[in-house]
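# Structural characterization, general
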Amino acid sequence: MIKKILLSIIPISALALLSSSQMSDNGKAGRTGAPGENPCTNSCHNTYALNSGPGSISLQTTGMTNFEYTPGQTYNMSVTVSQSAIGLFGVGIEALKASDSSNAGTLNITDMASTQIKTATVLGKSRRNVVHTLNGGASTGSKVFNFSWTAPAQGTGDLTFYFAGVAANGSGSDSGDYVYNSSQLFHEACQTPTQPGSITGSAFLCEGSTSTYDVPLVSGATVYTWTLPSGWSGTSSTNSISVTTNATSGTISVTADNTCGNSTASTFSVTVNPNPVPVVTFTYDTLFSTSAGTYQWYMNGNLISGATSSYYVPNMNGTYSVSVTDASTTCPGTSADFLLTTIGILSPSNNKQLSLFPNPANDNVQISIPSEMRNSILKVYNVTGQVVIQTELTEIQNSVSLNGLPEGTYTLVAQKGADRSISRLLISKN
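For clarity, every value in this text was computed on a predicted model and none was experimentally measured.

### Here's the deal with the state of the cysteines
- Across all of its chains, the model carries two disulfides by this definition.
- Each sulfur in the disulfide pair Cys206 and Cys331 lies 2.1 Å from the other. Since a negative S-S torsion denotes a left-handed disulfide, the Cys206-Cys331 link at about -90° is left-handed. Here Cys331 lies in the loop between β23 (318-325) and β24 (332-334) and Cys206 lies in strand β11 (residues 204-206), a separation of 125 residues in the sequence.
- Taking relative accessible area as the criterion, Cys206 reaches 15% and is therefore assigned buried.

### Notes on the packing of aromatic side chains
- Within the structure shown, the criterion is met by eleven aromatic pairs.
- Relative to Tyr311, the ring of Phe288 has its centre 6.4 Å away and its plane inclined at 45°; by these criteria the two rings are tilted. Here the residue Phe288 occupies a position in strand β19 (residues 286-289), and Tyr311 occupies one in strand β22 (residues 311-312), the gap between them amounting to 23 residues.
- With a relative accessible area of 1%, Phe288 lands in the buried category.
- Over the aromatic face of Phe145 sits the side chain of Lys143, whose NZ or CZ is 5.8 Å from the ring centroid.

### Notes on the sheet that holds strand β7 (residues 125-132)
- Reading across from one edge, β2-β10-β9-β4-β7-β6 is the order of the six strands in this open sheet, with mixed pairing throughout. Looking at strand neighbours, the two that pair on one side only are β2 (68-69) and β6 (115-122), the edges of this open sheet.

### Focus on the pattern of salt bridges
- Evaluation of the coordinates by the stated rule reveals four salt bridges.
- A salt bridge links Glu37 to Arg127; its shortest N-O distance comes to 2.9 Å. Taken together, the residues Glu37 in the loop between α1 (20-24) and β1 (56-61) and Arg127 in strand β7 connect sequence positions 90 residues apart. You'll find Glu37 and Arg127 in the same group, each marked buried.
- The partner of Glu395 in a salt bridge is Arg374, with the nearest N and O atoms 3.8 Å apart.

### What to know about the environment of Thr245
- One can find Thr245 in the loop between β14 (240-244) and β15 (250-258).
- When the C-alpha atoms of Thr245 and Gln415 are compared, they prove to be 49 Å apart, with 170 residues separating the residues in sequence.
- Residues within four places of Thr245 in sequence aside, it is in contact with Leu205, Cys206, Glu207, Gly208, Ser209, Trp232 and Val272.
- Among the polar contacts made by the side chain of Thr245, one reaches the main-chain amide nitrogen of Gly208 at a distance of 2.9 Å.

### Focus on the pairing of strand β4 (residues 88-97)
- Buried residues dominate β4, accounting for nine of its ten residues.
- Across ten bridges, β4 lies against strand β9 (residues 159-168) in antiparallel orientation. In the strand pairing of β9, Glu94 is matched with Tyr162.
- By the bridge criterion, two bridges tie β4 to β7 in an arrangement that is antiparallel. Note on β7: the bridge partner recorded for Ile93 is Val130.

Thresholds applied
- Residues numbered from 1 in each chain as written.
- Predicted model: local features only at pLDDT ≥ 70, side-chain atom pairs only at ≥ 80, totals over all residues.
- Heavy atoms only, no water.
- Disulfide = S-S within 2.5 Å.
- Helix = DSSP H or I, 4+ residues; strand = E, 2+ residues; numbered from the N terminus.
- Buried < 20%, exposed > 50% of the residue type's maximum accessible area, 1.4 Å probe, protein only.
- Phe/Tyr/Trp six-rings, centres within 6.5 Å; stacked < 30°, edge-to-face > 60°.
- Lys NZ or Arg CZ within 6 Å of the ring centre and 35° of its normal.
- Pairing = 2+ DSSP bridges.
- Salt bridge = Lys/Arg side-chain N within 4 Å of Asp/Glu carboxyl O.
- Contact = heavy atoms within 4.5 Å.
- Polar contact = N/O pair within 3.5 Å; in protein donor to acceptor, adjacent residues only side chain to side chain.

Shown next, in the form of structure tokens:
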């Protein structure tokens, strides 16, 4: 509704005839003809049918081509209402999303003398309108209503500007005025998402292990495309992926995508460490594992409590294996099964104990043997089952040098024919 206040043609004595509502009247929101709204011709300015007069209404934009907006950008805009011989104009402007007819972006006032913001609740939503102020549309022949608009966030898609204008005849009433309205569809400019941020996750993995990698969410991205090293498994269209490695090191990459295209890829290099493959050997009465960081022995698939050394002395036949972790990478590995069938074959009389002094020893050890074991061959085995010393025991009391041997546990076996003597020796440099 527009109440025309034309002071230039109203005598001073007639001012008292104007009502207070006429003096304060200005634009109303929710009258553009947008979905759910009635135009002004249905409620007030109803002398003529909508868009039946000789005038016009149009919308103009600055810095925009083909009504294609860039999300987040602010544009200077205007709506022009024209009709010859008219001296007062009104306007209502709103921008609504195509998806749900709610406000699209933000309308901003740039000419406070001519325009203001008002709201109306339509279809359960509060709609924000640019409308004229009291006498803000006073102009001869046409009026340009200027404002600015900040485009909505990326992903909003299509939206529509709805706008209506009144060309008032200056009679001081609602009759005899013409109403014009129109609309303009705006398209969101297609923007490829920006490059994702840094990929987070472990840079070092073990063969066959599972791990998760992530990137921060990217504005405007609808899917993410992950590329993994050859032979890895794992799929995802989100900003997070769970992967399972094979033995191959390589580069993980990810792009952020939408219907406009794919972003530049973010990349992350991952080294896959091989799992250790321990080998079990058996020397006389002891099972040995090749060197590792930690050990756990099993018999017939069952964990042997406390068997966490690099060697194990079994007391019964069975299938043995050892699980280890690598000393530097902590990657796990398990040996092949080792079938042991020789426990109890040699009689106790054929297995004698060597007498060692001192034990623990440092540089030398004194070995005492029974007289019948004189001239036996002594072999010293390390924890991996390798022979590190071999010598002949020619006397009942023998001194054996341990120079060059590192700290640790060793197995000493003296063999003469079918007889043998076995003992454990600890070398300590403290």
